[in-house]
Amino acid sequence: MTLTPGTRVGPYEIVAPLGAGGMGEVYRASDTRLDRTVAIKILPSPLAADPQFQDRFEREARTLSRLTHANICRLYDVGEVPSHGPLGRTTHFLVMEYLEGETLAARLARGSLPLDRALRHATEIADALDGAHRHGIVHRDLKPGNIMLTEAGAKLLDFGLAKPPRVLPPAGSMTVSAPVTAEGTLLGTLQYMAPEQLEGRETDARSDIWAFGCVLFEMLTGRPAFAADSQAGAIAAILERKPPSFASSRALQHVVARCLRKEADERWQSARDLRFALEWVAEAPHAEHLQTAVVRRARERVLATAVVGFAIVAAVLAASMMLTEPSRTIEGRFDVMLPQNVSFHNWSDAPILSPDGRHVAFAASDDGVRRLMVRRVADGRVMALAGTEGVYGDPFWSSDGKSVAFFAGRQLKRVAVSGEPAVSVCACESYGRGGSWNQHGVLLFEDRSGIRSVREDGTGLQSVTRLAEGDFAHLAPAFLPDGRHFLYASFGERAGIYAASLEGGAATRIVEQGMKAQYVADGYVLFTRGGALFAQPFDLRARQLRGAPFTVAEDVLEGFSASNNGVVAYRPATMRLSRLAWFGRDGRRLSVVSDTGQLALISLSPSGRKVAIQRRDESSNSDLWLLDQTTGIASKLTTDPAYDGDPVWSPDERRLVFTSNRLGRFTLFQKDLITGKEEPLLADPPSPGASVDDWSADGRFVIFRRGFGDAIYSLPMEGEPKPQLIAEMPANSDQSHLSPDGKWLAFQANEVGRWEVYVAAFPGFTEKRQVSPNGGMEPIWRPDGRELFYLDLDGRLMAVPVSTEPAFDLGTPDPLFQTGMRPNLLNQYAAARDGQKFLLLEPDRSARESLTFLLDWPARLRSQ
C-alpha cells in the first residue's frame, strides 16, 4: 500500500488501508469537512502515468456518478492531488461510501449461504443490476469479490473497470488460481465470464445475468458453477458443459439454469424479470412451500400450548419427535427467547441435549444462585437439581441419559436426573467446556494439563492427552461410538479438532481451527469454526473425514449440542448487543456515546477523551476501534483477520498494547497511533501464549498473563524488554490491574470454585488478600486511587474504599447499582477520574437471550 495513516489526500485524512487490487488501492479515511468516514480509491503510481488506466479510472467515476441505488456503493467525490502530493506525481482518487461488512467471497469461504439469506441477497443484487442496466451500464465483472454484505444488505462494487472483451488475452496473461482469475488484465475474472465474452462476441446486460447465475449457484452450494484446474479447463467448462445440478426447489433450479444458458437469447432478458422470478421463488405457494407451511402450522399449534421460556423449547423438541415421516424432508428452525431471569454465564456456554433429545440440561441463576437445571420434554417439568450449586460451564450426559456430569467447586460431579443427591467424581481444574460419558462408565473431561479420563466411581483417573509445546488447552472431549476413541479441540499453535484414543498414541488432526466437535448417529461429525456449524461425513473405522463440509448454521457462538434424533441446539451469535453509555453512581444513564453493536470490551484513555473498543464478528474474530468522545468519530485500528483484543493505553495516549493471535500464538502487539506502525512486543512469548492486562500509570511496566492465567508477568517498557514472573497462580486468573501508585495489583482468580477479586503487593506478590466476599470479577481502580471497583456475580457494580495512610487498607464493598451486564473475562466498564460516573457497555435489554433449534438438520445433507 502506498499511503500511510495521517496522509492527507485533499480534505481527506487516511486512517487505514482496506485493500489493493489491479485497478486501485482502497483506504479508510476521514472527511475532515463533514466528520464522516469514507473509502478512498487511488490509482497506484505504476498505473497513474498510463492513459489507458486513467481512462478506466475516470470511466468508473462517471459510471458511479449516474447510479443512485440502495444496493450500489455510492460515489461522493473525485479529485486529484498535484505532483507535490504524497506519491511524487498527480494522484487520482475517488471518494466512496464506506461499507462495514465482508465481501461475498469472504463469506463463501466458509461455505454456502442459508436459503433465505441467499434469496434475499440475490434479489438485492438483481435489483442493483436492473438499476445499472436501465442506465445503459453493464457491470462486466460481477463476482463475489465485488459484492459487499452489510447490515443494510448486499452492495455492488467496482462498476466500469473492464472493457467488453473482443478476443481472449494472450497465453500466460491470466493467472490460474482458486478461483481462476486474470488479475490486472482487462478481462476481470474468467470463472464468471459468459460464453460470448470468451468468444469475443458482443456483450450486453445478459452477460451480467450469466455472471449472476454463477454467483447465485455459488451462494446456494458453496462451490463454483464451472470449476477447473486450469485456464483451458475453465474455458471448456463454460463453453461446453452444463452447470452441475444442485438440490433445491425446481423453481429455483429453473432460475439458475436459465441464467446459465449458453446463448444469451435463451437467458433471462432483463435483470428485472430475474428479480421477479427470485421474489416468486421466495414467496409463491408452490407445492414445496405449501408442504413447509403445513408443517409450520402444525408446529405452531404445538407451540401455542407452551408457556414462555424453556416451555417453548420443550414444545419444539416434542414437535420434532411427533412429526410424521414426510416432515423429515424439511429442515425446520426455531429461535426461542429465554425468560428474563435466565442467562448463560460465559461466551461458550450452551444448552446440552440428552442423547435421545428428551431432556435439556443447562446452568441458570435461581434466586442469585447458579444451579443445574434439567427440562423434561414429556411434561414440561423443570427441575433444579439438588447439590449442583455453583455449577459452571457445560454439563454432559451419561450415554443412557439418566445422569448428568457437571463442574462446580473445582470438582467434577455427577447427579441423577431422578433426584438422587449429587456426588463428587474427582478433583479437577476444568475450563468448563464440557466432557463426555461413554457406555462403559468412563468420563472424559479437560483440565489444565490436557484431557483426563476417570471411571464414574472416581477410580482410574489418568491423563489421555498432554499439552505439547505451543498448546494453549485441550477442550471439549467427545466420545466416538466405540467408547474408546474420542474427539477434542486443541487451542494454540496446533489448533484444530483431533481424534485420539484412551489407549494413548499419537492424536490425528481432522479439522484445522475447529472449536468443538461431536459425532452424531447419522455418520457425520459436527464442528464449529469461524462462527459457523459444519457437518462432514466421518469414517469411523479410519477416523477420518470424507467429502466436503456442509454448512448447517452460520450464526453459532461456540457451544452447541446434538441429539440422536436429528435435533441441534445452539446459541446464536447475534445476541450479544450493547451500547456505550455514561452512568452516574446512582445508576442513571447520563448520556449515550455510541449506538448498539456487537461490542466486547472497552478501554478508557488516561485523559478520558478516547475509548479503545474491541468489536467481535460472527466468526469469533475481533478488531479494535478508536472512538473520540469529543468528535464522536470512530476509526478502525486493526484489520487483520484474527483475534485482536484487550487494548491497554500508554500514559501519553500515543500507543496501545493489545493481544493478538495473528502469528499463530496469542502474544502482545504494540501499535503507534501516530505512525500507525504495529509490531510484536514479545520476541519469544511464553507457551502456550500471552494476553495483556494493564500498563502502569508511570509507563514502566506492562502486565500480562500466560495461557488461561496460570501465571502473571510484568514486562519492562524501559531498557531490555525481558518478562519478569510475578506469580505462578494455583488456578485461572484474569484482569490484573495495577493501582495508580503502582504498589498493588488487583486481579480475579478462580481458586475456590468461583471467581473472586484479590489484591497483592507489587512486584513481590505478598500480602495477598481477598476483596469480594461472595464472588467478583472485572476489578478496576478508580484513576485517583481512592476506590477499587468490581462486578459481583449478579452484575452489580461494587465500590471498595481504599486508604493508604498510615497503611494500605480496603473497606467494605458497597453496591452502587445493577448494571445488567454479565460479569466475564472482559473489561466491560471504566470509571471517570473522580469516580462519580462510569462508562458501561450497556446491554440491549430489549434483546433477551435466545436459543436456536434445528429440527432434522440431516435432511438437507441427504438432499445434496
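Residues numbered from 1 in each chain as written. Predicted model: local features only at pLDDT ≥ 70, side-chain atom pairs only at ≥ 80, totals over all residues. Heavy atoms only, no water.

**A short note on the overall build of the protein chain**
Argument step 1. The secondary structure content of the protein chain amounts to 12 helices and 59 strands.
Argument step 2. Looking at the protein chain as a whole, 56% of its 864 residues qualify as buried.
Argument step 3. Taking the contacts inside the protein chain whose residues are at least 6 apart along the sequence as the reference set, 48% of them involve residues at least 24 apart.
Argument step 4. Of the roughly 35000 Å² that the protein chain leaves accessible, carbon and sulfur atoms contribute 49%. (Helix = DSSP H or I, 4+ residues; strand = E, 2+ residues; numbered from the N terminus. Buried < 20%, exposed > 50% of the residue type's maximum accessible area, 1.4 Å probe, protein only. Contact = heavy atoms within 4.5 Å. Areas by Shrake-Rupley, 256 points an atom, 1.4 Å probe, with all protein chains shown as cover.)

**Section: the sheet that holds strand β7 (residues 102–103)**
Argument step 1. In spatial order, the strands read β7-β8-β9; together these 3 strands make up an open sheet with antiparallel pairing. Each end of this open sheet is capped by a strand with a single partner; those strands are β7 and β9 (153–156).
Argument step 2. Helix α4 (residues 115–133) contacts β8 (147–150) and β9 of the sheet and is inclined by roughly 35° relative to β9. (Pairing = 2+ DSSP bridges. Axes fitted to C-alpha atoms, helices over the stretch in contact; angles between N-to-C directions.)

**Some details on α4**
Argument step 1. For α4, built from 19 residues, the straight-helix expectation of 27 Å at 1.5 Å per residue is met to within 8% by its first-to-last C-alpha distance of 26 Å.
Argument step 2. Counting buried residues along α4, 15 of its 19 residues qualify, which places the element largely inside the surrounding structure. (Expected span 1.5 Å × (residues − 1).)

**As for the side chain of aspartate 694**
Argument step 1. Locating aspartate 694 in the fold gives a position in strand β44 (residues 690–695).
Argument step 2. Buried aspartate 694, no salt bridge; nearest opposite-charge side chain is arginine 705, N-O distance 11 Å.
Argument step 3. A distance of 2.8 Å separates a polar atom in the side chain of aspartate 694 from the backbone nitrogen of leucine 738.
Argument step 4. Not counting the four nearest positions on each side in its chain, aspartate 694 is found in contact with Val648, Phe701, Val702, Ile703, Ser736, His737 and Leu738. (Lys, Arg positive; Asp, Glu negative; His and termini not counted. Salt bridge = Lys/Arg side-chain N within 4 Å of Asp/Glu carboxyl O. Polar contact = N/O pair within 3.5 Å; in protein donor to acceptor, adjacent residues only side chain to side chain.)

**Focus on the pattern of salt bridges**
Argument step 1. Considering all chains together, one arrives at 47 salt bridges under this definition.
Argument step 2. The partner of aspartate 482 in a salt bridge is arginine 484, and the shortest N-O contact between them spans 3.7 Å.
Argument step 3. Arginine 484 sits in the partly exposed class, given a relative accessible area of 39%.

**Overview of the packing of aromatic side chains**
Argument step 1. Considering all chains together, one arrives at 20 aromatic pairs under this definition.
Argument step 2. Taking the centre distance of 5.6 Å and the plane angle of 15° together, the rings of tyrosine 488 and tyrosine 498 count as stacked. A residue pair is termed long-range when its members are at least 10 positions apart, and tyrosine 488 in strand β24 (residues 485–492) and tyrosine 498 in strand β25 (residues 496–501) qualify at 10 residues.
Argument step 3. Among the aromatic residues, those joined into a cluster by ring pairs are Phe583, Phe789, Phe817 and Phe838.
Argument step 4. The ring of tryptophan 268 has arginine 258 sitting right over it, with the charged end atom 4.2 Å from the ring centre.
Argument step 5. The side chain of lysine 837 reaches across the aromatic face of tryptophan 582, ending 4.6 Å from its centre. (Phe/Tyr/Trp six-rings, centres within 6.5 Å; stacked < 30°, edge-to-face > 60°. Lys NZ or Arg CZ within 6 Å of the ring centre and 35° of its normal.)

**Observations regarding unusual backbone geometry**
Argument step 1. A cis amide bond links phenylalanine 762 with the next residue in sequence, proline 763, at an omega value of 10°.
Argument step 2. Within the secondary structure, proline 763 sits in the loop between β50 (756–761) and β51 (769–770).
Argument step 3. Cis rather than trans, the peptide bond between glutamate 805 and proline 806 has omega equal to 0°.
Argument step 4. For proline 806, the location among the structural elements is in the loop between β54 (796–803) and β55 (809–810).
Argument step 5. In this model, arginine 140 sits at a positive phi of 70°, which is unusual for a non-glycine residue.

**Points about the environment of glycine 523**
Argument step 1. Here glycine 523 shows up in the loop between β27 (516–520) and β28 (524–529).
Argument step 2. In this structure, the C-alpha to C-alpha distance between glycine 523 and phenylalanine 538, residues 15 residues apart in sequence, is 6.0 Å.
Argument step 3. If near-sequence neighbours (up to four positions away) are discounted, glycine 523 is found in contact with Gln536, Pro537 and Phe538.

**Some words on the nonpolar core**
Argument step 1. Residues Leu142, Ile147, Phe212, Leu216, Met219, Leu274 and Leu278 are the most contacted members of the largest nonpolar core, which totals 65 residues.
Argument step 2. Looking at which element gives the most residues to this core, the answer is helix α6 (residues 205–221), with 10 residues.
Argument step 3. If we ignore the near neighbours within four places in the chain, the residues touching isoleucine 147 are Glu102, Thr103, Leu104, Ile125, Leu142, Ala154, Lys155, Leu156 and Val215.
Argument step 4. Of all hydrophobic cores here, the second largest spans 21 residues; its members include Ala473, Phe527, Phe534 and Leu545. (Core = buried A, V, L, I, M, F, W, Y, C linked by side-chain atoms within 4.5 Å.)

**Some details on the packing of α6 against helix α8 (residues 250–259)**
If you want to describe how two helices pack, look at the angle between their axes and the distance between the axes.
Argument step 1. Running from N to C, α6 and α8 cross one another at 140°; their axes reach a closest spacing of 7 Å. Considered as vectors, α6 and α8 are oriented oblique to each other. When you trace α6 past α8, the crossing you get is left-handed. Taken together, the residues of α8 that come into contact with α6 (itself represented by Ile209, Trp210, Phe212, Gly213, Leu216, Phe217 and Leu220) are Leu252, Val255, Val256 and Cys259.
Argument step 2. The class makeup of the residues in the contact of α6 with α8 is 10 nonpolar, 1 polar and no charged. (Parallel < 35°, antiparallel > 145°, perpendicular 65-115°, else oblique. Left-handed = near helix turned anticlockwise from the far one by under 90°. Nonpolar A, V, L, I, M, F, W, Y, C, P; charged D, E, K, R; others polar.)

**Some points on the side chain of serine 714**
Argument step 1. Note on placement: serine 714 falls in strand β46 (residues 711–716).
Argument step 2. We classify serine 714 as buried; its relative accessible area is 5%.
Argument step 3. Contacts of serine 714, omitting those with residues within four sequence positions, involve Phe701, Val702, Ile703, Phe704, Lys722, Pro723, Gln724, Ile726 and Phe762.

**Here we look at helix α7 (residues 231–240)**
Argument step 1. For α7, the set of buried residues is Gln231, Ala234, Ile235, Ala237 and Ile238. Projection of α7 onto a plane perpendicular to its axis shows the buried side chains occupying an angular sector of 160°, all on one side. Opposite the buried face of α7, by more than 90 degrees, sit the exposed residues Ala232 and Glu240.
Argument step 2. Buried residues along α7 sit in contact with α5 (195–198) and α6. (Arc of directions from axis to C-beta.)

**Looking at the sheet that holds strand β45 (residues 701–706)**
Argument step 1. Ordered in space as β44-β45-β46-β47, the 4 strands form an open sheet in which the pairing is antiparallel. Sheet topology places β44 and β47 (724–728) at the edges, where each strand pairs with a single neighbour. Adjacent strand axes in the sheet meet at a mean angle of 25°, parallel and antiparallel pairs treated alike.
Argument step 2. Of the strand pairs in this sheet, β46 and β47 are connected by 4 bridges, and their pairing is antiparallel. Each residue of the ladder has a partner; that of alanine 711, found in β47, is glutamate 728.

**Things to note about the confidence of the model for the protein chain**
Argument step 1. Scored by pLDDT, the protein chain has a mean of 81; 82% of the residues are at 70 or more.
Argument step 2. The least confident element of the protein chain, judged by mean pLDDT, is helix α10 (residues 287–304) at 36; the most confident is strand β53 (residues 787–791) at 97.
Argument step 3. This model gives residues 162–187 a pLDDT under 50, and the stretch forms 52 contacts once residues within four places in sequence are excluded.
Argument step 4. Segment residues 285–331 is flagged for pLDDT under 50; beyond a separation of four residues in sequence, or across chains, it makes 83 contacts in the model. (pLDDT = per-residue confidence, 0-100.)

**A word on the pairing of strand β37 (residues 610–616)**
Argument step 1. Summarising burial for β37: 5 of the 7 residues are buried, a large majority.
Argument step 2. Sheet topology places strand β36 (residues 599–604) next to β37; 5 bridges connect them, and they run antiparallel. By the bridge assignment for β37, isoleucine 602 is matched with isoleucine 613.
Argument step 3. In this structure, the hairpin formed by β36 and β37 is closed by a connection of 5 residues, where glycine 608 is found at a positive phi of approximately 80°.
Argument step 4. Examined bridge by bridge, β37 and strand β38 (residues 622–628) share 7 bridges and lie antiparallel to one another. Each residue of the ladder has a partner; that of arginine 616, found in β38, is serine 622.

**Re the packing of α4 against α6**
Argument step 1. Two numbers describe how α4 lies on α6: the axes approach to 10 Å, and their chain directions differ by 165°. One finds that α4 runs roughly antiparallel with respect to α6. Pair α4 / α6 crosses with right-handed handedness. The residues of α6 that touch α4, namely those facing Leu115, Ala118, His121, Ala122, Ile125, Ala126, Leu129 and His133, are Ala205, Asp208, Phe212, Leu216, Met219 and Leu220.

**Focus on the pairing of strand β41 (residues 655–660)**
Argument step 1. Most of β41 sits out of view: 5 of its 6 residues are buried.
Argument step 2. Note that strand β40 (residues 644–649) and β41 share 4 bridges and pair antiparallel. Residue pairing across strands places valine 648 opposite valine 657, the latter belonging to β41.
Argument step 3. In textbook terms, the turn of a hairpin is the stretch between consecutive antiparallel strands, and for β40 and β41 this stretch comprises 5 residues, one of which, glutamate 653, has a positive phi near 65°.
Argument step 4. As judged from the 6 bridges shared by β41 and strand β42 (residues 667–672), these two strands associate in the antiparallel manner. Residue pairing for β42: serine 660 is matched across the bridge by threonine 667.
Argument step 5. Between β41 and β42, which follow one another and run antiparallel, lie 6 residues, and glycine 664 among them has a positive phi close to 95°.

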